[in-house]
Amino acid sequence: MEALRLWTVGSAWFSSEEGKKGALVPGRLADLAVLSADYFSVPEEDIKRLESVLTLVGGKPVYAAAEFRDLGPAPLPVMPQWSPVAKFGGYAALPEGATGCGCAGV
């Protein structure tokens, strides 16, 4: 609980934005992340594996995955066009249905 408080309210203090962010209350910036699992119920060792499935900045979705995928913004074009990202997806992306290292079949 203390780590989460420091990450939210504490970061607002650190950036001199107390009263503007750090809590979900009317009149404050609506920046939040919906996580892939409940922060308070996963084993402590699994906290580092939590991922955002929905991220809002200023109350608008800037990233969406899983069941929130339809809420996300359109993807940015890949540049340069020859980038491997155009074929294989973003950082650490695995092919659809893959569960481990994609190099095993190479």
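Refer to the structure above for everything that follows.
Residues numbered from 1 in each chain as written. Predicted model: local features only at pLDDT ≥ 70, side-chain atom pairs only at ≥ 80, totals over all residues. Heavy atoms only, no water.

Let us now look at the overall build of the protein chain. Each helix and strand in the protein chain was counted, giving 2 helices and 3 strands. Helices and strands appear in the protein chain in the N-to-C order α-β-β-β-α. Relative to its 106 residues, the protein chain shows a buried fraction of 10%. When contacts within the protein chain are restricted to residue pairs at least 6 apart in sequence, those whose partners lie at least 24 apart make up 18%. (Helix = DSSP H or I, 4+ residues; strand = E, 2+ residues; numbered from the N terminus. Buried < 20%, exposed > 50% of the residue type's maximum accessible area, 1.4 Å probe, protein only. Contact = heavy atoms within 4.5 Å.)

Right, let's get into the sheet that holds strand S3 (residues 60-64). Read from one edge to the other, the open sheet built from 3 strands follows the order S1-S2-S3, with strand pairing classed as antiparallel. Bordering the open sheet on either side are strand S1 (32-35) and S3, each of which pairs with just one other strand. For this sheet, the mean inter-axis angle between neighbouring strands, taken without regard to orientation, is 20 degrees. Here strand S2 (residues 52-57) pairs with S3 via 4 bridges, running antiparallel. Pairing of Leu 54 across the sheet is with Ala 64, part of S3. (Pairing = 2+ DSSP bridges. Axes fitted to C-alpha atoms, helices over the stretch in contact; angles between N-to-C directions.)

Right, let's get into the packing of aromatic side chains. Within the structure shown, the criterion is met by 2 aromatic pairs. Relative to Phe 14, the ring of Trp 13 has its centre 6.3 Å away and its plane inclined at 45 degrees; by these criteria the two rings are tilted. The same class applies to Trp 13 as to Phe 14, namely exposed. With centroids separated by 5.3 Å and ring planes inclined at 85 degrees, the aromatic side chains of Tyr 39 and Phe 40 adopt a geometry described as edge-to-face. (Phe/Tyr/Trp six-rings, centres within 6.5 Å; stacked < 30°, edge-to-face > 60°.)

Sheet analysis places S1 next to S2, joined by 4 bridges and oriented antiparallel. What sits directly across from Leu 35, in S2, is Ser 52.

We now examine the pattern of salt bridges. Applying the stated criterion across every chain yields a total of 4 salt bridges. Between Lys 21 and Glu 17 there is a salt bridge, with its nearest N and O atoms 2.9 Å apart. By relative accessible area, Lys 21 is classed as partly exposed at 25%. Owing to a relative accessible area of 22%, Glu 17 belongs among the partly exposed residues under this scheme. (Salt bridge = Lys/Arg side-chain N within 4 Å of Asp/Glu carboxyl O.)

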